[in-house]
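Chain residues, written in single-letter form:
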Amino acid sequence: MSRPNTFSIHPINKFSNLGAAVRRPREITCFSFDEDHKYRQDDSSLRYYYAPLLPADLNKGFDSFRNLDDTADDHLDGLLQALIHYEGEKKAKLDTDFVTWRGMMTKIMIVPFSNLDSWEMNATMFQDTIFIEENHDKKLDNRQEQYGQAPVRGAMSQDLMSYWGYKFEAISLLNQHWCYTDRKNIETRDDLQVSNYAQYCSIVRTGFGKSKVVIGGEVDAVKDVKPPEQGVPVNWVELKTTSELVNEKEQTKYERKLLKFWAQSFLLGVPKIIVGFRDQQGWLQRLEELDTQTIPDKILKSSRRLWDGQICINFASVFLEWLKSTITTEGVWRIRKREKSPVLEVFKLEESGTGNILSDPFIEWRTTILPGLLPVPNGEPDLKEKPKDLHRIADPQPP
């Protein structure tokens with residue numbers, strides 16, 4: 001392990017007046033996980049928002065919850081498979097500085113205001129792009145620590161409170177647009193088994209300052225319909241639950257939560273967040289619709305001023321530029337944030353290889369298959385690869 005390179009977080013005011021430019025996120029491709037959590041190169045798991053009936057018991061169905069086991073490390077596999085499809089259609093290599101999941105960019109963005117957070121990421125440089133994933137072992141350790149804490153007297157279990165969010169989604173979404181759904185299916189959503197196996201994942205191209213970034217992440221639903229034209233803004237909806245704001249303490253907790261709510265939606269270009277407010281027993285009482293773009297201004301107008309969205313954007317821009325100057329060679333790198341630490345650390349773990357951050361099919365695609373699709377210098381296509389092989393890899397089919 002090499003000696004860590006460090007990036008100073010404090011004082012955060014040094015990031016306040018930089019005015020970093022942000023490229024509006026645009027979806028370039030997508031994919032789905034079906035109800036068996038199998039990859040599909042389509043939008044079959046896209047769902048549609050339709051407000052639930054209130055009040056609603058978010059505890060209902062907990063005993064039959066079909067909860068995905070995510071203890072295995074999937075790395076960036078789904079995202080990379082979708083990029084193979086995208087590059088196969090375009091017959092061109094994607095030009096970007098970074099490829100990662102939304103969760104990683106969210107953690108980076110909120111660093112200036114998340115002093116108590118502790119996380120680790122793995123990164124590798126491949127063909128002039130830095131690929132970043134979560135350190136899966138650290139993720140499982142953090143989860144074990146969270147769930148191992150002594151429960152607060154009278155509080156619900158962590159498992160049950162996590163379920164409330166999935167139940168809120170189940171009673172708020174439809175598999176088809178409401179105009180194609182009969183009244184019975186709308187009104188009986190509360191009786192459906194709750195499952196988190198199926199997911200729709202959007203992959204967007206965005207940018208912070210001089211850094212080009214491609215991000216993949218799950219989107220809960222669309223509010224009306226998804227336009228057929230690629231790159232057109234979509235009326236995505238993100239669903240969140242939180243406790244009712246019954247006192248000053250709950251109001252403060254909510255404004256802190258809004259930092260992550262905002263960052264997650266901002267990164268994928270989600271314009272609306274629907275917040276479901278519940279009581280301490282898990283009964284959904286009311287809904288509030290938030291415009292993603294207006295949340296930072298509301299926080300700055302609050303007497304608490306707990307965070308600043310522009311500082312988050314500026315911080316991410318400066319950090320990514322620094323990261324490009326730090327991760328310049330092959331191998332496996334670690335990006336680490338310690339609790340209460342004034343710096344982010346970046347150091348090399350392995351001198352060569354990708355540490356399974358990149359899948360074998362993606363490496364084969366980039367090094368062997370894609371070059372056969374690219375124009376040769378004289379402008380004539382290189383036809384060395386067999387068409388059937390090109391089609392098989394460029395357009396992967398669901399298992």
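Quantities reported herein were computed from a predicted structural model and do not represent experimental measurements.

Enquirer: So what's going on with the pattern of salt bridges? Residues and values would help.
Expert: Considering all chains together, one arrives at 29 salt bridges under this definition. Put simply, Glu 321 and Lys 324 hold a salt bridge, and the shortest N to O gap is 3.2 Å. Within this pair, Glu 321 and its partner Lys 324 are both found in helix α8 (residues 309-326), separated by 3 residues, close to a single helical turn.

Enquirer: With reference to specific residues and values, describe the nonpolar core.
Expert: Counting 62 residues, the largest nonpolar core has Met 105, Met 109, Phe 208, Trp 262 and Phe 319 as the members making the most contacts within it. In this structure, Ile 203, Ile 357, Phe 362 and Trp 365 belong to the second largest nonpolar core, which totals 26 residues.

Enquirer: Report on the packing of helix α2 (residues 102-109) against α8, specifying residues and quantitative values.
Expert: One way to put it is that α2 packs onto α8 with a least axis distance of 8 Å and a crossing angle of 110°. One way to sum up the angle between α2 and α8 is to call them roughly perpendicular. The segment α2 lies against α8, with Met 105, Ile 108 and Met 109 engaging Cys 312, Ile 313, Phe 315, Ala 316, Phe 319 and Leu 320. Counted by class, the contact of α2 with α8 contains 9 nonpolar, no polar and no charged residues.

Enquirer: So what about the sheet that holds strand β8 (residues 129-134)? Which residues, and what values?
Expert: Taken in spatial order, the 10 strands line up as β1-β17-β16-β7-β8-β6-β11-β10-β2-β3 in an open sheet, and their pairing is mixed. Single-partner strands in this sheet number two, and they are β1 (5-8) and β3 (39-40). Bridging between strand β7 (residues 119-126) and strand β16 (residues 332-337) involves 6 bridges; their strand directions are antiparallel. Bridge pairing in β16 places Glu 120 opposite Arg 336. Set on the sheet, helix α6 (residues 248-268) makes contact with β2 (22-33), β10 (199-208) and β11 (211-218); between it and β10 the angle comes to about 80°. Sitting on the sheet, α8 is in contact with β1, β2, β6 (98-101), β8, β10, β11, β16 and β17 (343-350), with an inclination near 160° to β1.

Enquirer: Could you give an account of the environment of Asn 185, with specific residues and numbers?
Expert: In this fold, Asn 185 is placed in helix α5 (residues 183-187). Each C-alpha atom of the pair Asn 185 and Ile 171 lies 11 Å from the other, and the pair is 14 residues apart in sequence.

Enquirer: I'd love a proper account of the pairing of β2, names of residues and values included.
Expert: Where β2 and β10 come together, 9 bridges link them in antiparallel fashion. Within the sheet, the bridge partner assigned to Ser 32 lies in β10 and is Tyr 200. When β2 meets β3, the two strands line up antiparallel, connected through 2 bridges. Each residue of the ladder has a partner; that of Ser 32, found in β3, is Arg 40. Taken together, β2 and the strand that follows it, β3, pair antiparallel across an intervening segment of 5 residues, in which His 37 is found at a positive phi of about 60°.

Enquirer: I'd like a description of the packing of aromatic side chains, backed by residues and values.
Expert: Following the criterion strictly, the structure yields 19 aromatic pairs and no others. Consider the rings of Phe 7 and Phe 315, whose centres lie 5.6 Å apart with planes at 75°: the pair is edge-to-face. One end of the pair, Phe 7, is in strand β1; the other, Phe 315, is in helix α8, and 308 residues separate them in sequence. Considered together, Phe 7 and Phe 315 belong to a single accessibility category, that of buried residues. Members of the aromatic cluster, connected to one another through ring pairs, are Phe 7, Phe 15, Phe 315, Phe 319 and Trp 322. Between Arg 66 and the ring centre of Tyr 197, over which it is positioned, the NZ or CZ distance is 3.8 Å. Taking the ring centre of Phe 277 as reference, the NZ or CZ of Arg 286 above it sits at 3.8 Å.

Enquirer: Quick rundown of α8? Include the residues and the values.
Expert: Residues that lie three or four places apart on an α-helix share one face, since the helix turns once every 3.6 residues. With 18 residues, α8 should reach 26 Å at 1.5 Å per residue; the first-to-last C-alpha distance of 26 Å fits that figure. By the criterion of burial, α8 is predominantly enclosed, with 13 of the 18 residues buried.

Enquirer: Outline a negative patch on the surface, listing residues and values.
Expert: A contiguous patch of negative charge, built from Asp 73, Asp 74, Asp 77, Asp 137, Asp 141, Glu 145 and Glu 339, is present on the exposed surface. Of the residues forming the negative patch, the biggest block, 3 residues, is contributed by helix α3 (residues 136-147). Relative to the assigned elements, Glu 339 resides in the loop between β16 and β17. With relative accessibility at 48%, the residue Glu 339 sits in the partly exposed group.

Definitions and cut-offs
Residues numbered from 1 in each chain as written. Predicted model: local features only at pLDDT ≥ 70, side-chain atom pairs only at ≥ 80, totals over all residues. Heavy atoms only, no water. Salt bridge = Lys/Arg side-chain N within 4 Å of Asp/Glu carboxyl O. Helix = DSSP H or I, 4+ residues; strand = E, 2+ residues; numbered from the N terminus. Core = buried A, V, L, I, M, F, W, Y, C linked by side-chain atoms within 4.5 Å. Buried < 20%, exposed > 50% of the residue type's maximum accessible area, 1.4 Å probe, protein only. Axes fitted to C-alpha atoms, helices over the stretch in contact; angles between N-to-C directions. Parallel < 35°, antiparallel > 145°, perpendicular 65-115°, else oblique. Contact = heavy atoms within 4.5 Å. Nonpolar A, V, L, I, M, F, W, Y, C, P; charged D, E, K, R; others polar. Pairing = 2+ DSSP bridges. Phe/Tyr/Trp six-rings, centres within 6.5 Å; stacked < 30°, edge-to-face > 60°. Lys NZ or Arg CZ within 6 Å of the ring centre and 35° of its normal. Expected span 1.5 Å × (residues − 1). Patch = residues over 30% accessible without salt bridge, like charges linked within 9 Å, V, L, I, M, F, W, Y side chains within 5 Å. Areas by Shrake-Rupley, 256 points an atom, 1.4 Å probe, with all protein chains shown as cover. Lys, Arg positive; Asp, Glu negative; His and termini not counted. Charge placed at Lys NZ, Arg CZ, Asp CG, Glu CD.

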